[in-house]
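These are the residues of each chain, in order.
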Amino acid sequence: MKISKSAPSNIALIKYMGKVDGLGNKPANASVSYTLEHLRTHVEIERISSANGRDQWQPLQIEGAFPLALKPTGQEKFLNHFGRLKEKWGIKDTYLIKSANNFPSDCGLASSASSFAALTWGAAELFQKTAPQNWGDDLTELSRLSRQGSGSSCRSFFSPWALWRDQGAEPLKFSLRLHHAVIILEKDVKAVSSSEAHKRVLTSPRFQGRIKRAEEKLEVLLSAISQERWKEAHEVIWDEFWDMHELFHTSQSPFRYMTSECREILSWMEKKWKQEKHGPWITLDAGPNIHLLFHNEDLAFAQKYLTEFNRHNVITSWGSP
Ligand code: PMV
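This structure is a prediction, so every number in the text was calculated from the model and none was measured.

A.B. asks: Outline the overall build of the chain, listing residues and values.
C.D. replies: The helix and strand inventory of the chain stands at eight helices and ten strands. Since a compact globule built from 321 residues should have a radius of gyration of about 20 Å, the 19 Å found for the chain is in line with a globular shape. In terms of overall dimensions, the chain has a C-alpha envelope of 65 × 40 × 40 Å along the principal axes. Looking at the chain residue by residue over its 321 residues, the buried ones come to 55%. A sequence separation of at least 24 residues applies to 74% of the contacts in the chain between residues at least 6 apart. On the chain, roughly 14,500 Å² of surface is accessible, and the fraction owed to carbon and sulfur atoms is 48%. Of the charged side chains in the chain, 41 are positive and 37 negative; the average position of the first set lies 2 Å away from that of the second.

Take a look at the structure:
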């Protein structure tokens, strides 16, 4: 018995950074994201017979996928999550899980969001075949389960907009649609994982007040998005990614994802916004790669904007940049 499933990544505009003590990835603050349907993790889950009864992971070979070399700790986290799902649904068999991303992993493109969403969704669909009573197509429940593996994955079940308050993620009914592009400045695996980042930010003096700042920005942003006040939303989103990165830079063991090239490009973008009083929404995840979101009706502008980055590897939601 075998299943194939894929799930999208998402980019947070108000970030989940810092957890409340305890199990289950409880966020310190609410976050909001846009789902990136074109950046996906594919999983294949197959029942196997294995002498030691242990589930296994292998990279999936599919066309267009980037080679995925999950480190032992990454594999363990992934398989532990699968184990939790099996336990929850009373599944005793052993499985081989293969996975691949159609984009570079672990460098700030939120691959853990798509990976854990695909694994949870795939497992649920597979186990439904063996134990139909255990599975509903209740995305809220799947999102809740997925969150236990990776917090940000809980938002990938809702598209295109998702809001995650502490109770769980939910869809947001905004009519605004966006084009996404990401300028890849670094595709090597990042030195500090986001799990580690969640811990270290708690030691930053700037974490004092972070929850209040994030909650205030969230309210302003939700209102700006719903009424399509583009520039105001840009200002909040810009401020927010800097806020998160400043937490990294000021934690007790400081760390940095921003490279000098990244900072130069950000300065150029800031200047351009000021000159033209228009531009894309700009954000960084836990990595140096620069995410741009353009208004759905701004495709020609987006294409022109990206000609500045011809020398870089750019992935876009509309195909070739
Ligand atoms: O899901 P995690 O534990 O990998 O958290 C990642 C959180 C960020 O991607 C850095 C921000 C976010 O809200 O997605």
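Here the narrative resumes, following the displayed structure.
A.B. asks: So what about unusual backbone geometry? Which residues, and what values?
C.D. replies: Looking along the chain, the bond that leaves S159 and enters P160 is cis, with omega of 0 degrees. Positive phi is not limited to glycine here, since N25 has a value of about 50 degrees. For N25, the location among the structural elements is in the loop between β1 (2-14) and β2 (31-48). What makes N25 buried here is its relative accessible area of 11%. Positive phi values are uncommon outside glycine, yet E228 reaches one of about 50 degrees. On the secondary structure map, E228 appears in the loop between α5 (210-226) and α6 (230-249).

A.B. asks: Kindly report on the site of the ligand, identifying the contributing residues and their values.
C.D. replies: The full set close to the ligand counts 13 residues, and Y16, S150, S152, R155 and S194 are the nearest of them. The contact in question runs from an oxygen atom of the ligand to an N or O atom on the side chain of S194, over 2.7 Å. Partitioning the shell around the ligand into residue classes produces four nonpolar, six polar and three charged.

A.B. asks: How would you explain the side chain of D298 if you had to name every residue and give the values?
C.D. replies: You can see D298 is positioned in the loop between β9 (290-295) and α8 (299-306). Comment: no salt bridge for buried D298; closest opposite-charge side chain is K304, at 11 Å.

A.B. asks: Got a sec to walk through α8? Specific residues and values, please.
C.D. replies: Taken residue by residue, α8 has A302, Y305 and L306 as its buried positions. Angular distribution of buried residues about the axis of α8 spans 90 degrees; they occupy a single face of the element. Exposed and facing more than 90 degrees away from the buried side of α8 are A300 and K304. Structurally, α8 contributes buried residues whose contacts are with β7 (178-184), α7 (260-276), β9 and β10 (313-316).

A.B. asks: Summarise helix α2 (residues 111-130); cite the residues concerned and give the values.
C.D. replies: Side chains of residues three or four places apart in an α-helix project in the same direction, reflecting 3.6 residues per turn. An ideal rise of 1.5 Å per residue puts 28 Å on 20 residues; α2 measures up with 29 Å between its terminal C-alpha atoms. Among the 20 residues in α2, 15 count as buried, and that is most of the element.

A.B. asks: Let's hear about the sheet that holds β9: which residues, and what values?
C.D. replies: Strand order in the open sheet formed by four strands is β8-β9-β7-β10, and the pairing between neighbours is antiparallel. At either end of the open sheet lies a strand with only one pairing partner, and these are β8 (281-284) and β10. Direction aside, neighbouring strands of the sheet carry axes that sit 20 degrees apart on average. One ladder, built from four bridges, connects β7 with β10; its direction is antiparallel. Bridging across to β10, A181 finds its partner in T316. Set on the sheet, α6 makes contact with β7, β8 and β9; between it and β8 the angle comes to about 15 degrees.

A.B. asks: Can you explain the packing of aromatic side chains? Please cite residues and give values.
C.D. replies: In this structure the tally under the stated criterion is 23 aromatic pairs. A ring pair is formed by Y34 and W161, whose centres lie 4.8 Å apart and whose planes are at 75 degrees; its orientation type is edge-to-face. With Y34 in strand β2 and W161 in strand β5 (residues 161-165), the pair connects residues that are 127 residues apart, well separated along the chain. Ring centres of W238 and W242 lie 6.4 Å apart, and the angle between their planes is 55 degrees; on these two criteria the pair is classed as tilted. Here W238 and its partner W242 are both found in helix α6, four residues apart, which amounts to about one turn of the helix. Judged by relative accessible area, which is 13%, W238 ranks as buried. Through a chain of ring-to-ring contacts, the aromatic side chains of W268, F294, F301, Y305, F309 and W318 assemble into a single cluster.

Cut-offs used in this document
- Residues numbered from 1 in each chain as written.
- Predicted model: local features only at pLDDT ≥ 70, side-chain atom pairs only at ≥ 80, totals over all residues.
- Heavy atoms only, no water.
- Helix = DSSP H or I, 4+ residues; strand = E, 2+ residues; numbered from the N terminus.
- Rg over C-alpha atoms; globule rule 2.2 N^0.38 Å.
- Buried < 20%, exposed > 50% of the residue type's maximum accessible area, 1.4 Å probe, protein only.
- Contact = heavy atoms within 4.5 Å.
- Areas by Shrake-Rupley, 256 points an atom, 1.4 Å probe, with all protein chains shown as cover.
- Lys, Arg positive; Asp, Glu negative; His and termini not counted.
- Charge placed at Lys NZ, Arg CZ, Asp CG, Glu CD.
- Near = heavy atom within 4 Å.
- Polar contact = N/O pair within 3.5 Å; in protein donor to acceptor, adjacent residues only side chain to side chain.
- Nonpolar A, V, L, I, M, F, W, Y, C, P; charged D, E, K, R; others polar.
- Salt bridge = Lys/Arg side-chain N within 4 Å of Asp/Glu carboxyl O.
- Arc of directions from axis to C-beta.
- Expected span 1.5 Å × (residues − 1).
- Pairing = 2+ DSSP bridges.
- Axes fitted to C-alpha atoms, helices over the stretch in contact; angles between N-to-C directions.
- Phe/Tyr/Trp six-rings, centres within 6.5 Å; stacked < 30°, edge-to-face > 60°.

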